[in-house]
Amino acid sequence: MEIKHNIIELFHNGVLSLDEEFNIIRNARKTGRNNSIKFIKPRKIESIDKRGYKRFAIRSNKKTINVSSARLIWTLFFGQIPEGLTINHIDGNKINNNPFTNLEIITMKENIKHAIDTKLMDTRGEKNAQSKLKESQVKEIRKLYNRRTFNMRQISILCNVSECCIENIINNKTWKHI
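Heads up: these notes are all about the structure in this document. Just so we're clear, the structure is a prediction, and the values are computed from it rather than from any experiment. (Residues numbered from 1 in each chain as written. Predicted model: local features only at pLDDT ≥ 70, side-chain atom pairs only at ≥ 80, totals over all residues. Heavy atoms only, no water.)

## Let's talk about the pattern of salt bridges
This structure, assessed with the given rule, holds 2 salt bridges. A salt bridge links K54 to E46, with the shortest nitrogen-to-oxygen separation between them at 3.8 Å. Across this residue pair, the class does not change: K54 and E46 are buried. The shortest N-O distance in the salt bridge between D117 and K113 comes to 2.6 Å. Taken as a pair, D117 and K113 lie in helix α3 (residues 108–117) at a separation of 4 residues, close to a single helical turn. Taking the relative accessible area as the measure of exposure, D117 reaches 49% and is therefore partly exposed. (Salt bridge = Lys/Arg side-chain N within 4 Å of Asp/Glu carboxyl O. Buried < 20%, exposed > 50% of the residue type's maximum accessible area, 1.4 Å probe, protein only. Helix = DSSP H or I, 4+ residues; strand = E, 2+ residues; numbered from the N terminus.)

Below you can see the structure in the form of C-alpha cells.
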C-alpha cells in the first residue's frame, strides 16, 4: 500500500509530527471550508490493532483512512516502499517504530522466516496452514494406536491422511509439542 501524498503533507504543514519515540502526534486540525489549520494540544493518535501493530486513522476528503504507523514512518524518512516489499520490525517489537534501529524493508518470505526464527509466529500443529488435523485428533490417534485398537493403515483411512502421516505422529516426528 502506498502512503498517499496528502498524509505526508500533514507532517510538512505541522498537523502531524513524531515524538522522540516515533509516536505519531496530532498538533492541529484543519477547520472550515478553506481548510485553515487550527493548532490544538498535541496528543498521540495511534492505537494498537488486533495483531499488535500501531495504526492510526485520519480523515481526508471526507474519507477515513487507516494507516500503518511503521509504513508511514518509513516513508517519511526513506521514501515509498517498493512493490513486493514489506516492513519488518528487526527486534520483533511491533510497536517500536524507530526507522533507524528497528525498521527494515524485506520480502514477505523473509518477513515470515524472521517471524518464525524469532518465535513471533508459531507454525506448529493446527496453527500450520497445511495441517489437516486438530490437536484433539492427534491425541485420539495416539490413544487408538497405543490401545492397539487400530493399526496405522486403519487410522490413516479413518482420519483421511496418509499412513506416513500417522506413523510420524505416533513416532513423535511431527506434533511433538503435544
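## Comments concerning the nonpolar core
In terms of nonpolar packing, the biggest core is built from 13 residues, with I7, L16, I24, F56, I58 and L72 touching the most fellow members. For this core, the element with the highest residue contribution is helix α1 (residues 5–12), accounting for 4 residues. The contact partners of F56, leaving out residues within four places of it in the chain, are I7, L16, I24, I45, E46, I65, N66, V67, S69 and L72. Grouped together as the second largest cluster of nonpolar side chains are 11 residues, M152, I155, I169 and W175 included. (Core = buried A, V, L, I, M, F, W, Y, C linked by side-chain atoms within 4.5 Å. Contact = heavy atoms within 4.5 Å.)

## Focus on α3
Each α-helix winds once per 3.6 residues, and so residues spaced three or four apart point in a common direction. Taken together, the buried positions of α3 are N111, H114 and A115. Looking straight down α3, one finds that the buried residues subtend no more than 100 degrees of arc, so they occupy a single side. Exposed residues on α3 whose side chains face more than 90 degrees from its buried face are K109 and K113. Where α3 is buried, its residues meet β7 (85–89) and β8 (103–107). One or two positions beyond α3, positive phi appears at K119, with a value near 65 degrees. (Arc of directions from axis to C-beta.)

## Describing the packing of helix α4 (residues 135–146) against helix α5 (residues 152–159)
What describes two packed helices is the angle between their axes and the distance between those same axes. The contact between α4 and α5 brings their axes to 10 Å, and the two run at 150 degrees. With respect to α5, the element α4 is oriented roughly antiparallel. Seen along the crossing, α4 lies across α5 with a hand that is right-handed. Together, I141, L144 and Y145 of α4 and M152, I155 and C159 of α5 make up the contact between the two elements. Its residues assigned to classes, the contact of α4 with α5 shows 6 nonpolar, no polar and no charged. (Axes fitted to C-alpha atoms, helices over the stretch in contact; angles between N-to-C directions. Parallel < 35°, antiparallel > 145°, perpendicular 65-115°, else oblique. Left-handed = near helix turned anticlockwise from the far one by under 90°. Nonpolar A, V, L, I, M, F, W, Y, C, P; charged D, E, K, R; others polar.)

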